[in-house]
Amino acid sequence: MSDVAESLYVGVTRSGTSWFAVAFDRSGFDHAAVFDEVGDLWVRYEERTERVLVDVPVGLVEEGEEGRRCDDLARRALGAMSDAVVTPPVREATRKRRYPAAQRVNERKAGRGISERAFAMSDAIVAVDELLQNVPEARAAFAGSHSEVCFRAFAGEALEHDTAYAAGYAERMRTLAQYDRDAPPVVQAAAAATEGHEVAVADVLDAVALAYTAAPGDGTLRTLPAEPPTDAAGLPMAIAYRAESPLVAE
């Protein structure tokens, strides 16, 4: 890795079939970029990155009805926005290409079906899961997060409006600007970097929030839960956020 001054802190979202990354260094926004594959993203950043926060579940349940505790805690923290947290399929189910097959596996392994939203996330989940299982350096740098948890932590209270609507966009822009007065031009610069790619506005905001969370700043980098369990592959089942104090009592 280069010297610390050049280290990057990266927030990553999945937007359609692409991966959108926003990178900060210690002084602030550095750049944003779009990648076809998460492996391409890792190749770009592996020499410089200090931390990558990805808005995709990291750490998967193999079987059992309990699910991931981090998801339950995140729903508690989000209040009215709790539906933003999707319970991921069990690991075997994420590898199924058809929804009915994934449903059957999840029902057999965990005693419950999976939502269409969860199934739609499977390709992204598998891409990150396989990268972290096969590349030790990526495993050391990547961590799971959730953009809505990041926004909730920056806001200091539960948000009220869905990110799909104008009021939700305004609410999240205010939240970022309260955290850093330079956030509006950062969002604008990140959005400009998507030219030629179909990246949703909400995904730009989410990646910026993840990057602010990853980078050194106000508050402490924390996780839900505070002491995460690991899955069968040794990956922590956690959601990272930055705040002065824990979001929920455990």
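Residues numbered from 1 in each chain as written. Predicted model: local features only at pLDDT ≥ 70, side-chain atom pairs only at ≥ 80, totals over all residues. Heavy atoms only, no water.

A.B. asks: Let's hear about the sheet that holds strand β2 (residues 18–25): which residues, and what values?
C.D. replies: Pairing in this open sheet of 5 strands is mixed, and the strands run β3-β2-β1-β4-β5 from one edge to the other. Looking at strand neighbours, the two that pair on one side only are β3 (28–35) and β5 (142–144), the edges of this open sheet. Neighbouring strand axes in the sheet, compared pairwise and without regard to direction, differ in orientation by 20 degrees on average. Relative to β3, β2 runs antiparallel, the two sharing 7 bridges. Its bridge partner lying in β3, Val22 is registered against Ala32. Sheet strands in contact with helix α6 (residues 122–134) are β1 (8–15), β2, β4 (49–54) and β5, and its direction is about 55 degrees off that of β2. Across the sheet, helix α11 (residues 201–214) lies against β1, β2 and β4, angled at about 155 degrees from β1, the strand it touches most. (Pairing = 2+ DSSP bridges. Helix = DSSP H or I, 4+ residues; strand = E, 2+ residues; numbered from the N terminus. Axes fitted to C-alpha atoms, helices over the stretch in contact; angles between N-to-C directions. Contact = heavy atoms within 4.5 Å.)

A.B. asks: So what about the nonpolar core? Which residues, and what values?
C.D. replies: The biggest cluster of nonpolar side chains holds 45 residues, and the ones touching the most others in it are Phe20, Val22, Val149, Leu176, Val208, Tyr212 and Leu224. If you list the elements that add at least two residues to this core, you get β2, β3, α2 (69–78), α8 (147–155), α9 (166–179), α10 (183–192), α11 and β7 (239–243). In this view, Tyr212 contacts Phe24, Phe154, Leu176, Tyr179, Asp180, Asp182, Ala183, Val186 and Arg242; residues no more than four positions away in its chain are not counted. Formed by 26 residues, the second largest nonpolar core is a distinct cluster that contains Val12, Val58, Leu132 and Ala138. (Core = buried A, V, L, I, M, F, W, Y, C linked by side-chain atoms within 4.5 Å. Buried < 20%, exposed > 50% of the residue type's maximum accessible area, 1.4 Å probe, protein only.)

A.B. asks: Lay out the pattern of salt bridges in plain terms, naming residues and giving numbers.
C.D. replies: Two side chains with opposite charge may pair up if their charged atoms get near one another. Taken as a whole and assessed by the stated rule, the structure comprises 13 salt bridges. Between Asp72 and Arg75 there is a salt bridge, and its shortest N-O distance comes to 3.3 Å. Placement of the pair is Asp72 and Arg75 together in helix α2, with a separation of 3 residues, close to one helical turn. For Asp129, the salt bridge identified is with Arg91, shortest N-O distance 2.9 Å. Here Asp129 is found in helix α6, whereas its partner Arg91 is found in helix α3 (residues 91–94), with 38 residues between them in sequence. Taken individually, Asp129 and Arg91 each receive the classification buried, so the pair is uniform in this respect. (Salt bridge = Lys/Arg side-chain N within 4 Å of Asp/Glu carboxyl O.)

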